Amino acid sequence: MYHPRFKGDHYEFGMKCGRLLKKNNIDFFGLIDLSQEQLAFGTGSELILRKYFPEACQEIKGIADGLMYPYEKFSAWLMCVSVCLEKKGCTMFAFKKDDKVFFGRNNDLPPVFRKISNSSLYSPMNGHSFIANSSAFVIAEDGVNEKGLAAGMTFVCPKELKPGLNSMVFVRYILERCATVNEGIEALQSIPIAGAWHVILADRSGDIAHAECCADKIHIEKKDADASFVIASNNFLSDEMKQFENITDLYNSMDRYRTGYDALKKGFDSDSIQYARDILGGKYGFMCQYEKGLDFDTVWSSVYDLNEGRVYRAEGNPKNIQYKEDKRLKFT
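Calculation criteria
- Residues numbered from 1 in each chain as written.
- Predicted model: local features only at pLDDT ≥ 70, side-chain atom pairs only at ≥ 80, totals over all residues.
- Heavy atoms only, no water.
- Axes fitted to C-alpha atoms, helices over the stretch in contact; angles between N-to-C directions.
- Helix = DSSP H or I, 4+ residues; strand = E, 2+ residues; numbered from the N terminus.
- Parallel < 35°, antiparallel > 145°, perpendicular 65-115°, else oblique.
- Contact = heavy atoms within 4.5 Å.
- Nonpolar A, V, L, I, M, F, W, Y, C, P; charged D, E, K, R; others polar.
- Phe/Tyr/Trp six-rings, centres within 6.5 Å; stacked < 30°, edge-to-face > 60°.
- Buried < 20%, exposed > 50% of the residue type's maximum accessible area, 1.4 Å probe, protein only.
- Pairing = 2+ DSSP bridges.
- Arc of directions from axis to C-beta.

Colleague: Break down the packing of helix H2 (residues 36-52) against helix H4 (residues 71-80) for me, with residues and values.
Modeller: Contact pair H2 / H4: the axes reach a minimum separation of 8 Å and the direction vectors enclose 90°. Here H4 runs roughly perpendicular to H2, going by the angle between their axes. On the side of H2, the interface is formed by Gln-38, Leu-39, Phe-41, Gly-42, Thr-43, Ser-45, Glu-46, Leu-49 and Arg-50, while H4 contributes Tyr-71, Ser-75, Ala-76, Met-79 and Cys-80. The residue inventory of the contact of H2 with H4, partitioned by class, reads seven nonpolar, five polar and two charged.

Colleague: So what's going on with the packing of aromatic side chains? Residues and values would help.
Modeller: One pass over the full model with this rule turns up 19 aromatic pairs. Pairing Phe-74 with Phe-137 gives two aromatic rings, centres 6.3 Å apart and planes at 35°, and the pair type is tilted. Highlighted residues: Phe-74 in helix H4 and Phe-137 in the loop between strand E5 (130-134) and strand E6 (142-145), separated in sequence by 63 residues. Comparing Phe-74 with Phe-137, the two get one shared label, buried. Ring centres 4.9 Å apart and planes at 15° place the aromatic pair Tyr-122 and Phe-130 in the stacked group.

Colleague: Describe the pairing of strand E2 (residues 91-97), naming the residues involved and giving the relevant values.
Modeller: In terms of burial, E2 is a largely internal element, seven of the seven residues being buried. A two-sided burial pattern is seen for E2, the buried positions comprising Thr-91, Phe-93, Phe-95 and Lys-97 on one face and Met-92, Ala-94 and Lys-96 on the other. Judged from the seven bridges that link them, E2 and strand E3 (residues 100-109) form a sheet pairing that is antiparallel. Looking at the pairing, Lys-97 lines up with Lys-100 of E3.

Colleague: Break down helix H6 (residues 181-190) for me, citing the residues and quoting the values.
Modeller: The complete set of buried residues in H6 reads Val-181, Gly-184, Ile-185, Ala-187 and Leu-188. Considered in projection along H6, the buried side chains sweep an arc of 155° and stay on one side of the axis. In H6, the exposed positions angled more than 90 degrees off the buried face are occupied by Glu-186 and Gln-189. On its buried face, H6 sits against strand E7 (149-156), helix H5 (167-177), strand E8 (196-203), strand E9 (208-214) and strand E10 (218-223).

Colleague: If you had to explain unusual backbone geometry to someone new, which residues and values would you point to?
Modeller: Even without being glycine, Met-68 reaches a positive phi, approximately 55°. If you trace the backbone, Met-68 turns up in the loop between helix H3 (54-67) and H4. The backbone of Val-138 sits at a positive phi, close to 70°, despite the residue not being glycine. With respect to the element layout, Val-138 can be found in the loop between E5 and E6.

Colleague: Please give an account of the side chain of Asp-278 that cites residues and values.
Modeller: Tracing the sequence through the fold places Asp-278 in helix H8 (residues 272-280). Excluding anything up to four places from it in sequence, Asp-278 contacts Lys-283 and Tyr-284.

Shown next as C-alpha cells:
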C-alpha cells in the first residue's frame, strides 16, 4: 500500500497523488473502460458530487491533471466504483467492550487492486484530519478521523442504478465532515444515494449505527447502550431492504456474516483488539480463506480502538500478514 500524507487544499491533494502515481508508473487506465450506460451514470453522479462535496471534485481534478487524463472520464469512473464496476466481498463490524468501542473491517477485492491501494493521511484546511484506506483515490472503503469517528462500507449488488453518491464517497465525506455518528446519519439522510450498500459508523462516545442504503430507501439501526455489536457483509439483513438487492450471497457473504455474528454474540474475555484480529483472520470460521483460483482475496484489514486512539492495519490477508500500528493520526 501507498502511505501518502496530504495537507492543504483539495486540488493540491489531488495533484500530489496524480504525480505520485505517474512517477511510479502506475497504469490503471485499463480499469477505466466504461460502457455508455456507466458513463451516463457516472456523469450524472458527478453533478450531485459537485453540489454536495465540491472539494472532492477539486481533488479529482488535481489527480486527473497530475496524470494528464481527462477529468470527465476519470470522475465518471470514480462515481461508478463500488456501484456498477468491481464487486467487493468485504466484512465489517463494530462492538463495545468494557465501555470502549472497536471497529474492524476486511477489504476483499481482486488482487490487482493491491497495486493502487493506499492508506492516506488527510489534513484538510476546513475539515477533520483522518486516515482513509482506499483501493481507488479520493474515495475510501474505511477510515477513522481525529474525533474518534470510524466509518466503513460493504458492497451490495443493486437491482437499479440511479445517480448519486456511492458508498466510498460517503465514507470519505463522513470522515472529513462529521465528528459523531449522529452527524454521519444526518449526511446519509440528506444526500442522494447511488447503488446498494452497508455503512457502519462508530464513535468513541459509544454510539454505533448500521445503515442499509440504496437509492430508494435507507434502513438505520442505531444501537442503544445495552447492545454490544453490529456486523455486515454483502447482503441486506432487514426484511424491508432485501427487495433491493440483486445477488444474495456474494463471495460467501452469509458464511462470513455468520462467522462474525456468532463470534461477537458469544462474547469474549480476551484482549478486544486481538479478538477483532482473530475474527477477521478467520480463527472462528470462514472469513478471508478464499480459494487461490478465485482471483479474490483480502487486500487489507483494519482494526480501530476508538477510545485509545489506536489504528492497526494488516496490509494483505490477515490470515498471513501481521497487523502493524499506524501512528500518523493524532486524535483530538
